[in-house]
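# What the coordinates show
One-letter residues, chain by chain:
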Amino acid sequence: GESVGLHLPTLSVQEGDNSIINCAYSNSASDYFIWYKQESGKGPQFIIDIRSNMDKRQGQRVTVLLNKTVKHLSLQIAATQPGDSAVYFCAERAGGTSYGKLTFGQGTILTVHP
Amino acid sequence: ETGVTQSPTHLIKTRGQQVTLRCSSQSGHNTVSWYQQALGQGPQFIFQYYREEENGRGNFPPRFSGLQFPNYSSELNVNALELDDSALYLCASSSSPNYEQYFGPGTRLTVT
């Protein structure tokens, strides 16, 4: 079956450092990947997405890298701030479906120390 | 433009009871997806509604059912509640079934 997993369940960094959160996925048919940020007591917040025909996409302070050869996804956060502290989820969507079912990984807890 | 809203925020029910959770989609969105998030886990897809019809379903039993209304708001109904149904229930809306999903704050359901 399909699954999305994270290598590191927790990540602790100092303010100003760059953070890298990793994710492995198993469904080679996935064509769309998203990173979400979830703060305590809130729903997941869309950060950035990437389609399978790309290997890199940049946003404001964030970059997502996709390596389809090894089925690996990463989220890079530049100059991490205390407000970035949250749980980060990667999610995938299988291609060829008529509906947007997202399969989420278990999450990585990012803690940013001032 | 208002975001996705859900009600109630918290709910406590007894095993065997039934519950209805509500979701209002973001303006301009015609698709609503529901997810269950157990403590310490990622969200799991329950089902999706598009133009008032179920448009895909995850691995959840039939006692999980839903509705979508003409204004694209949606309800999630759970019958015969079990202790394991305790979770955060999230809805997400999108402008089309395969487009970006934007999540609401969730409803925290506790079954005792």
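Please refer to the structure higher up on the page.
An account of the accompanying structure is given in this report. Every value quoted in this text rests on a predicted model; they were computed, and no experiment measured them.

### Some thoughts on the state of the cysteines
In total, this model carries two disulfides over all chains according to the counting rule given. Each disulfide pairs two cysteine sulfurs, and for A:Cys23 the partner residue is A:Cys90, the sulfurs being separated by 1.8 Å. Around the S-S axis, the bridge from A:Cys23 to A:Cys90 shows a dihedral of about 55 degrees and counts as right-handed. Of this pair, A:Cys23 sits in strand β3 (residues 19-25) while A:Cys90 sits in strand β9 (residues 86-94), and the two are 67 residues apart along the sequence. In this pair, the class of A:Cys23 matches that of A:Cys90, namely buried. Through a disulfide, B:Cys23 is tied to B:Cys91; the S-S separation comes to 1.9 Å.

### What to know about empty space enclosed by the protein
Under the criterion given, the structure shown has one cavity of 30 Å³ or more. Lining the largest cavity we find A:Tyr32, A:Ile34, A:Tyr36, A:Arg93, A:Leu102, B:Asn98, B:Tyr99, B:Glu100 and B:Gln101. Take the lining of the largest cavity: its biggest share by element is three residues, from strand β4 (residues 30-38) of chain A. Looking at the lining of the largest cavity residue by residue, the classes come out as five nonpolar, two polar and two charged.

Definitions and cut-offs
- Residues numbered from 1 in each chain as written.
- Chains lettered and ligands numbered in written order.
- Predicted model: local features only at pLDDT ≥ 70, side-chain atom pairs only at ≥ 80, totals over all residues.
- Heavy atoms only, no water.
- Disulfide = S-S within 2.5 Å.
- Helix = DSSP H or I, 4+ residues; strand = E, 2+ residues; numbered from the N terminus.
- Buried < 20%, exposed > 50% of the residue type's maximum accessible area, 1.4 Å probe, protein only.
- 1 Å grid on protein atoms, 1.4 Å probe; cavity = no way out; pocket = protein on both sides within 12 Å on 5 of 7 lines; lining within 4 Å.
- Points joined across faces, edges and corners; volume = space filled by probe spheres on them.
- Nonpolar A, V, L, I, M, F, W, Y, C, P; charged D, E, K, R; others polar.

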